[in-house]
Amino acid sequence: MTPLRVAVVGTGSFAREHVVALSQLSGVRVTHVAGSDLGRAQSVAALAPGAIGTTDIAGTVGLDGIDAVDVCNATPDHKRWVIAAGDAGKHVHVDKPAALTVADFDEMVTATEGRGRTLMVGQTVRFQPVIAELQQQVASGDIGDPKLLHVTWYTGHVWPNGWRGWQLDTALSGGHPVHNGTHSIDLAVWLMNSRPVEVFARQFATFAANMPMPDSFQLLVRFENGSLATLELCYALRQPGEFLRRIVLAGTEATLAHSTEADPGLASPGHPVPPASIEGALAAQLAHWVHSIRTKEPFLVTNRQARAALMTAVAAQQSLDTGQPVQIEQTVAL
Amino acid sequence: MRVSFVSGVRHAGPYLEILRHDPRVELVGVAEEPGVPEWMLRDSQHVARRAETAWLPSVDDALDPDRVDLAFICSEPTRHARLAITAMKRGVNVVVDKPVATTLDDADLVLDAARDARGFCSVINRTHSPALRRTRRYVDAGYLGLPRHLDVEFLASGRHFSTSVERPGLVIDPALSGGGELLNFLGYCVDAVRYLTGLEVESVYAMTGALFGAGHADRGVEDTAVVSLGLEHGVTCTVTVGRVAFAPGLGPTSSSIRLLGSHGHAVVDDDKPAVLRYGGHPALSAHPVGGDGSAVALRLFLDHVVGRAVEGRAPDYGLADARAGLAVIDAAYRSVASRAVCAPAKRGGGTADGAAEGSAAGAGSDAGAARIGVHS
């Protein structure tokens, strides 16, 4: 089997994880790691045998010698490199959030799917083992119609680089509902199989009172089919790496529930590891991406779903900005 | 402590069962108003028989201060306020089943009556839940720093509707219940939030639905709601509440809270800790340590009420607490109707933000009252 030749755009911590995961997949060869800092690009490239570190991003995504591009740099640059890769005829994987605006995302889809190639948004949560089990239960029909979702998602995580961290600048990150909320919003869209039509949000800051992007927020969501959801996110648990996630999904015939409190696992101070219920998600996600490119099977994450989630996240940030509920005019079916 | 019941159609059974085994309590009997539907009469008589207490010929007998020290009001919610006022005027101590009233106007009338009453007036609540009390100790000890957010979930099982609720109409018929599950359950959640934080709710946004087919949709009331609360000092809270098909707990209801503080977090769960039993029927069962969370919270509150009454003191949960909860419920219903953020109406007509939202109390009209509980 001819290996799928992948160039990775990005040199941050997520790019590092992507390169490691991709290089461990059979039938995949990471050819390049491209970013703005040559030293970092070379350092990340060293994780994949034979990969080249480079600052020539534009030249890399257009190379004839690559088949696909994995874009996992900072969000504001996603659009530029996804479109460039699409224009060059590559399949593209883009880290979440795919874009800062729905209009940007639509352009990215046009530049890829519109040219007969593919675009998959990396909604890693869908590939977590416990989420896959939840979705299978929903898909089996045994719980009836899902009607009420409650996701509580707390962790201890501080973005790197202190006040210099780009994530704190909402112009670059889109705000917390966009930057990290797309995880749980996408999950909600997927599990409820309906488009959000109304969102209300509140936020609070624990790390510092004047954070431009507070570490915690909550959303109330109403779906087109009348279902409801409460989605909570907090990054301010005291211990770095600490993780508490609880999901309750009530259907008309049964209720599903999972909490990481019940996960068996490691208790070793200074060695935080992901709970068993979520481990291995990125590797599964990238394996799925590669498999679907090869087989032309549909991606688990459809761009209509990703679009609906992004539109909701943007609306949630608008709700935070105004203090008011926001009605969402979804114009594309799931 | 001589205890009577005025009406027994709602929750009287479990209250009587606890009280009849309290050696400090002498049950005087149960009475019902004249002119009520025949089923109410039968249900009230039934609970009196089951508790092996007397069927009293009239409400006057149940509220006779020469024979009764403490009267429980266990009618359908829409009679609560009027019966509580009647009882206070007779000079007995009063405990009203929740909600204390179905409109803020009525709640304020109860408060007015309490000002001149000889005894106390309290309302059934769950703030004596051991899990809640434990977490309050954590807060008071400073272990959590300052509370920043609460994630409250209170769900009941619709599939247990026929056994956990005497008659579904008591919850879903607005003429009896005054509203849907927001009115039925949100007060518990607000009680917990106020108890843990000591903060008042300043703003409310709510979304509701009739989603689970237990009859709510037919009656135009909600079975489910998600609610966002803004508290003083920028503290936030979400409440996920309702009657779903199956609550994610061990009994007919489940209740849990996640409290985020500036220096730590805590989890409150009425079903935990629990012991699992493998084998037997059912093949797997869980047994909360100390007993069913709802039952324990009730037993401890009634124990507290009787103890305080014996001492001649009022319980630690009063009408102001109940009124604060009802004001949040009222704001939630107004929020649903207007699709806007609403402030709980303060006593005397104002709202926290001064907005003229036509609250039941603020407008002093029936319009606000009529809106309560009607699902739009």
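Residues numbered from 1 in each chain as written. Chains lettered and ligands numbered in written order. Predicted model: local features only at pLDDT ≥ 70, side-chain atom pairs only at ≥ 80, totals over all residues.

Summarise the overall build of chain B; cite the residues concerned and give the values.
Looking only at helices and strands, one finds 15 helices and 13 strands in chain B. The globule rule puts the C-alpha radius of gyration for 376 residues at 21 Å, and the 20 Å found for chain B is close to it. If one aligns the C-alpha atoms of chain B with their principal axes, the spans along those axes are about 60 × 55 × 45 Å. Classification of the 376 residues of chain B by burial places 60% in the buried group. A sequence separation of at least 24 residues applies to 70% of the contacts in chain B between residues at least 6 apart. (Helix = DSSP H or I, 4+ residues; strand = E, 2+ residues; numbered from the N terminus. Rg over C-alpha atoms; globule rule 2.2 N^0.38 Å. Buried ≥ 20, exposed ≤ 12 C-beta atoms within 10 Å, placed from the backbone. Contact = placed C-beta atoms within 7 Å.)

Tell me about the overall build of chain A, and please be specific about residues and values.
Tallying secondary structure elements over chain A gives 11 helices and 13 strands in all. Rg of the C-alpha trace for chain A: 19 Å, near the compact-globule value of 20 Å for 334 residues, within the 12% margin. Its C-alpha atoms put chain A at 50 × 40 × 40 Å along the principal axes. Residues classed as buried in chain A amount to 54% of the 334 residues present. Sequence separation of at least 24 residues holds for 69% of the intrachain contacts in chain A that already meet a minimum separation of 6.

A description of the sheet that holds strand β9 (residues 216–223) of chain A should follow, citing residues and the corresponding values.
All names here are of chain A. Read from one edge of the open sheet, seven strands run β12-β11-β7-β10-β9-β8-β13, paired in mixed fashion. If you trace the sheet from one side to the other, it starts and ends with β12 (255–259) and β13 (326–327), each paired once. Contacts from helix α6 (residues 129–140) reach β7 (146–155), β11 (243–251) and β12, with the element oriented near 175° to β12. Helix α11 (residues 303–322) rests against β8 (196–204), β9 and β13 of the sheet, and its axis sits at about 45° to β8. (Pairing = 2+ DSSP bridges. Axes fitted to C-alpha atoms, helices over the stretch in contact; angles between N-to-C directions.)

Got a sec to walk through the domain arrangement of chain A? Specific residues and values, please.
All names here are of chain A. We note that the domain assignment places domain 1 (4–122) and domain 2 (125–327) within chain A. Distance from the C-alpha centre of domain 1 to the C-alpha centre of domain 2: 23 Å. For the side of domain 1 that touches domain 2, the elements supplying multiple residues, two or more each, are α1 (13–23), β5 (91–95), α5 (102–112) and β6 (119–122). Of the residues that constitute the side of domain 1 that touches domain 2, the class distribution is 18 nonpolar, nine polar and three charged. (Domains from an automatic or database assignment. Nonpolar A, V, L, I, M, F, W, Y, C, P; charged D, E, K, R; others polar.)

How would you sum up the nonpolar core? Please name residues and give values.
Residue and element names in this part refer to chain B. Counting 221 residues, the largest nonpolar core has Ala 84 and Ala 332 as its most contacted members. Tallying contributions element by element places helix α10 (residues 181–197) first for this core, with 11 residues. What Ala 84 contacts, discounting residues up to four positions off in sequence, is Ile 73, Val 94, Val 96, Val 100, Val 110 and Cys 121. (Core = buried A, V, L, I, M, F, W, Y, C linked by C-beta atoms within 7 Å.)

Lay out the packing of α5(A) against α11(A) in plain terms, naming residues and giving numbers.
Residues and elements named next belong to chain A. Packing of α5 against α11 leaves a shortest axis separation of 10 Å and a crossing angle of 165°. Classified by the angle between their axes, α5 and α11 sit roughly antiparallel to one another. For the element pair α5 and α11, the recorded crossing hand is right-handed. Contacts between α5 and α11 involve Val 102, Phe 105 and Val 109 from the first element and Asn 303, Arg 307, Leu 310, Met 311 and Val 314 from the second. In terms of residue class, the contact of α5 with α11 is built from six nonpolar, one polar and one charged. (Parallel < 35°, antiparallel > 145°, perpendicular 65-115°, else oblique. Left-handed = near helix turned anticlockwise from the far one by under 90°.)

Which residues make up the packing of α10(B) against helix α13 (residues 319–338) of chain B, and what values do they have?
Residues and elements named next belong to chain B. The interhelical angle for the contact between α10 and α13, taken along N-to-C directions, is 125°, at an axis separation of 8 Å. Considered as vectors, α10 and α13 are oriented oblique to each other. Read as a crossing pair, α10 and α13 show a hand that is right-handed. Here Leu 182, Leu 183, Leu 186, Gly 187, Val 190, Asp 191 and Arg 194 of α10 come into contact with α13, specifically with Asp 321, Ala 324, Gly 325, Leu 326, Val 328, Ile 329, Ala 332 and Tyr 333.

Can you break down the domain arrangement of chain B residue by residue, with the values?
All names here are of chain B. Domains assigned within chain B are domain 1 (2–126 + 303–317) and domain 2 (127–293 + 318–376). Relative placement of domain 1 and domain 2: their C-alpha centres are 23 Å apart. Listed as interface residues are 27 residues of domain 1 and, on the opposing side, 30 residues of domain 2. The set of elements that each furnish at least two residues to the side of domain 1 that touches domain 2 consists of α5 (104–115) and β5 (121–123). In terms of residue count, the dominant contributor to the side of domain 1 that touches domain 2 is α5 (seven residues).

Would you mind going over the interface of chain A and chain B in detail, with residue names and values included?
Across the boundary between the two partners, chain A contributes 34 residues, which contact 32 residues of chain B. Within the residue set of the side of chain A that touches chain B, elements represented by two or more residues are β7, β8, β9, β10 (228–234), β11 and β12 of chain A. Here the residues of the side of chain A that touches chain B sort into 14 nonpolar, 13 polar and seven charged.

An account of the pairing of strand β10 (residues 253–261) of chain B is needed here, citing residue identities and associated values.
All names here are of chain B. Among the nine residues that make up β10, nine are buried, leaving the element largely enclosed by the rest of the structure. Here β10 shows a buried face lined by Thr 253, Ser 255, Ile 257, Leu 259 and Gly 261 and a second buried face lined by Ser 254, Ser 256, Arg 258 and Leu 260. Two elements, strand β6 (residues 147–157) and β10, share nine bridges in a ladder whose sense is antiparallel. When the sheet's bridge partners are listed, His 149 is paired in β10 with Leu 260. Taken together, β10 and the strand that follows it, strand β11 (residues 264–269), pair antiparallel across an intervening segment of two residues.

Please provide a residue-by-residue account of the environment of His304(B), values included.
All names here are of chain B. When you line up the elements, His 304 lands in helix α12 (residues 293–311). By C-beta crowding, His 304 is classed as partly exposed, having 16 other C-beta atoms within 10 Å. Along the primary structure His 304 and Asp 112 are separated by 192 residues, whereas in three dimensions their C-alpha atoms are 25 Å apart. Apart from the residues within four sequence positions on either side, His 304 is in contact with His 128, Pro 315 and Asp 316.

Can you tell me about helix α2 (residues 38–45) of chain A, naming the residues and giving the values?
Three- or four-residue spacings in an α-helix give side chains the same orientation, since the helix completes a turn every 3.6 residues. All names here are of chain A. Looking at α2, one finds that the buried residues are Ala 41, Val 44 and Ala 45. In an axial view of α2, the angular spread of the buried residues amounts to 100°, which keeps them on one side of the axis. Check the buried side of α2 and you find it contacts α1, β2 (28–34) and β3 (52–54). (Arc of directions from axis to C-beta.)

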